[in-house]
Each structure stands twice: as structure tokens, then as C-alpha cells.
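Observations on the three-dimensional arrangement
In case you want the letters, here they are:
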Amino acid sequence: MLKKLFFNWKMNPTSPNEASSLFAEFVSLAQSQPQISLVVLPPYVYLSELNQQLQTSGVTNLKLGAQDLARYSAGAYTGQISGQMLKNMGCQYVLIGHSETREAYQLSHEQINQKLLQSLESGLVPILCVGHQSDKTITEINYPELSEQVTTALQNLPTEFKTEFYLAYEPVWAIGTGKTATNPIIEEVSQFLKQELAKLGLDKQVGILYGGSVDDVSIQELVKLQQVDGFLIGGASLKPEKFKTISQVVANQV
Ligand code: PEP
């Protein structure tokens, strides 16, 4: 199956016009490669306008997602954005527990779990990010930490949920550094994550993603990964020539 591509714009760009121009590049990419599935995760403030742009384009293989959501459904939570608001804005996906968000808000495992439950309740597809918070390099994989991140985030899930669901393995040292984990390491960790998911009965339902300096160069090797269902892409999401090459490489994979 073709790998799915998720594009995290982080806190970029700075104006609605730039956001619209950048999104137009994704629309044309989606039109030229209808076999590829693309999800763009812009800042909240651009969602409404980009959703209009998406609806007007008529493309069906490009979707919108958000970079975070509140851990509450509604109420007096100044500055927070609920899952239902995102859903009503045209979002179908939401990132949960990105390492930059975990760090900025000092999120606990319990809070990540609350966000995950909110995403499911609102009908948003979660992309749960996990990675070694403590490691600075790939010398040693912190399996207990990965296990804790997965198990605590996925507790108390509704017994019946049929939505898509993704677990993104993002070693913290690889994000925005130009360094990627090697394919054998990613395969090993993906296998481990699938075993953890199997203990929860979720291994068939949850797709595994890799994120960490995926770009037009590193994709040439990363595309060969067997255990991985897609990629979460940060910096290269802002550079049309880079994300178009990534998409082309993935499209040529079959
Ligand atoms: C990310 O934002 O999740 C990410 C992996 O960023 P980058 O591709 O820039 O490393």
C-alpha cells in the first residue's frame, strides 16, 4: 500500500496569503498525483480559509488536520481549541503529543491520554507522536519510555472505535536536525510498537508513521521501510520542491 504523507507546518507561515499560496502547491500536487494521500496540518488560524480552498478545489486525496487540541470538550478554558471546533472547521486529523508540544506545555502522559480521548470523541483521526524524550542520539533506544508513552496514552479507549489511527515514531534528536534514524532502527522500533499495540488489541487498527528530518534526500532510503505506513514531515512541508519530490518518490514506490 502507498505510504500516507502528513505535513506539519508548525508555526508557519506568518500570513494568510502565504498560507494560501503554500496550500495551493499541495492542491496541485494532489491533483497531479491522485493515488497519493496527503494531510496538511497548518496552524489553527488558517484552517477555515484553507478548508474553503480545499472545498473549491474538489480534490479528495488532500485532507486537513490540526497540530493539537484541548483535553476538554467545552467550557471555560481560555486559549484552548476543542476537537468539535476543529471537526466543524473541516479538520479530519489531529496531532497529539508532538514532542515540541509536549515540551512547550510540559504535557503529562495523562494529559496526552485526555487529548486522545477527545479526538476520538470528536471524530478526529489521532496521530499520536512518540519518541525518545531523554535520548540525545540513537546510541540506545529507550524502550521502557516508548512503552510508557504508548500504554499510558492509549488507556481507557472506547471498546468500539473504527476510525483510522496513527502512531508516529519521532526520535526527538531527529526532528528538525537533518539527521534521520537508520532504516534498521526504524524497522526495529516499529516492530516493538506493533507488539505494544498488540497487547492492547490495536495492532491491526493503528498505522505506524516515521518522522524526523524526512526530506527530498532522506526519503530515497526511508521509502524502502516495510513496517512503516507513512511519514510525518515538518521542515520540508514548507518547501514545494522538497515535498513534491517526497511525494513523487513515494508514488514511484509500487
Ligand atoms: C515534525 O514536525 O514532526 C518533524 C518531524 O519535523 P522535521 O521533518 O522538520 O524533522
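These notes cover the structure that comes with them. Just so it is clear, the structure is predicted and the values come from calculations on it, not from any experiment.

**Some thoughts on the overall build of the protein chain**
When helices and strands are tallied, the protein chain shows 9 helices and 8 strands. For 254 residues, the compact-globule formula gives about 18 Å, and the C-alpha radius of gyration of the protein chain, at 17 Å, lands near that figure. With respect to the principal axes defined by its C-alpha atoms, the protein chain has extents near 45 × 45 × 30 Å. Residue burial in the protein chain is summarised as follows: out of 254 residues, 52% are buried. A separation of at least 24 residues holds for 76% of the contacts in the protein chain among residues at least 6 apart in sequence. Of the roughly 11,600 Å² of accessible surface on the protein chain, 51% is carried by carbon and sulfur atoms. Side-chain charges of the protein chain comprise 18 positive and 24 negative groups, with the mean position of each set lying 3 Å from the other.

**A look at the environment of leucine 64**
With respect to the helices and strands, the residue leucine 64 is situated in strand β3 (residues 62-66). When the C-alpha atoms of leucine 64 and glutamine 149 are compared, they prove to be 25 Å apart, with 85 residues separating the residues in sequence. Each residue touching leucine 64, except ones within four places of it in the same chain, is listed here: Phe23, Val39, Val40, Pro42, Leu47, Leu50, Asn51, Leu54, Gly90, Cys91, Gln92 and Tyr93.

**Quick word on the pattern of salt bridges**
Tallied over the entire structure, the rule returns 7 salt bridges. In this structure, lysine 4 engages glutamate 164 in a salt bridge whose closest nitrogen and oxygen atoms are separated by 3.0 Å. With lysine 4 in strand β1 (residues 4-8) and glutamate 164 in the loop between α6 (143-153) and β6 (166-169), this residue pair connects regions lying 160 residues apart in the sequence. The class for lysine 4 is buried, based on a relative accessible area of 13%. The class for glutamate 164 is partly exposed, based on a relative accessible area of 32%. As a salt-bridge pair, lysine 204 and aspartate 203 come within 3.2 Å of each other at their nearest N and O atoms. What makes lysine 204 exposed here is its relative accessible area of 76%.

**Quick notes on helix α9 (residues 240-251)**
Over its 12 residues, α9 runs 16 Å from end to end, which matches the ideal 16 Å to within 8%, given 1.5 Å per residue. Every buried residue of α9 is accounted for by Phe243, Ile246, Ser247, Val249, Val250 and Ala251. Contacts from the buried residues of α9 go to β1, α1 (16-32), β2 (38-41), α8 (219-222) and β8 (230-233).

**Focus: the packing of aromatic side chains**
One pass over the full model with this rule turns up 9 aromatic pairs. When the ring of phenylalanine 26 is compared with that of phenylalanine 243, the centres are 3.9 Å apart and the planes differ by 15 degrees; the resulting orientation is stacked. Here phenylalanine 26, found in helix α1, pairs with phenylalanine 243, found in helix α9; they are 217 residues apart in sequence, far enough to count as distant. Accessibility classification places phenylalanine 26 together with phenylalanine 243 in one group, the buried group. When the centroid spacing of 3.6 Å and the interplanar angle of 5 degrees are considered together, the rings of tyrosine 72 and tyrosine 77 count as stacked. Tyrosine 77 sits in the partly exposed class, given a relative accessible area of 34%. Ring-pair connections join several aromatic residues into one group, and the members of that group are Phe7, Trp9, Phe26 and Phe243.

**Considering the sheet that holds β8**
With respect to topology, 8 strands assemble into a closed barrel ordered β1-β2-β3-β4-β5-β6-β7-β8, the strand pairing being parallel. Averaged over neighbouring strand pairs, the angle between their axes works out to 25 degrees when direction is ignored.

**Some remarks on the pairing of β2**
Burial along β2 is two-sided: Leu38 and Val40 and Val39 and Leu41, pointing in opposite directions, are all buried. Bridge count between β1 and β2: 4 bridges; the pairing is parallel. Bridge pairing in β2 places phenylalanine 6 opposite valine 39. Regarding the hand of the β-α-β motif, the stretch spanning β1, α1 and β2 is right-handed. In this structure, β2 lies alongside β3, joined through 3 bridges in parallel fashion. When the sheet's bridge partners are listed, valine 40 is paired in β3 with leucine 64. In this fold, the crossover linking β2 to β3 by way of helix α2 (residues 47-57) has right-handed handedness.

So, how was this worked out
- Residues numbered from 1 in each chain as written.
- Predicted model: local features only at pLDDT ≥ 70, side-chain atom pairs only at ≥ 80, totals over all residues.
- Heavy atoms only, no water.
- Helix = DSSP H or I, 4+ residues; strand = E, 2+ residues; numbered from the N terminus.
- Rg over C-alpha atoms; globule rule 2.2 N^0.38 Å.
- Buried < 20%, exposed > 50% of the residue type's maximum accessible area, 1.4 Å probe, protein only.
- Contact = heavy atoms within 4.5 Å.
- Areas by Shrake-Rupley, 256 points an atom, 1.4 Å probe, with all protein chains shown as cover.
- Lys, Arg positive; Asp, Glu negative; His and termini not counted.
- Charge placed at Lys NZ, Arg CZ, Asp CG, Glu CD.
- Salt bridge = Lys/Arg side-chain N within 4 Å of Asp/Glu carboxyl O.
- Expected span 1.5 Å × (residues − 1).
- Phe/Tyr/Trp six-rings, centres within 6.5 Å; stacked < 30°, edge-to-face > 60°.
- Pairing = 2+ DSSP bridges.
- Axes fitted to C-alpha atoms, helices over the stretch in contact; angles between N-to-C directions.
- Right-handed = clockwise from strand over helix to strand, strands pointing away.

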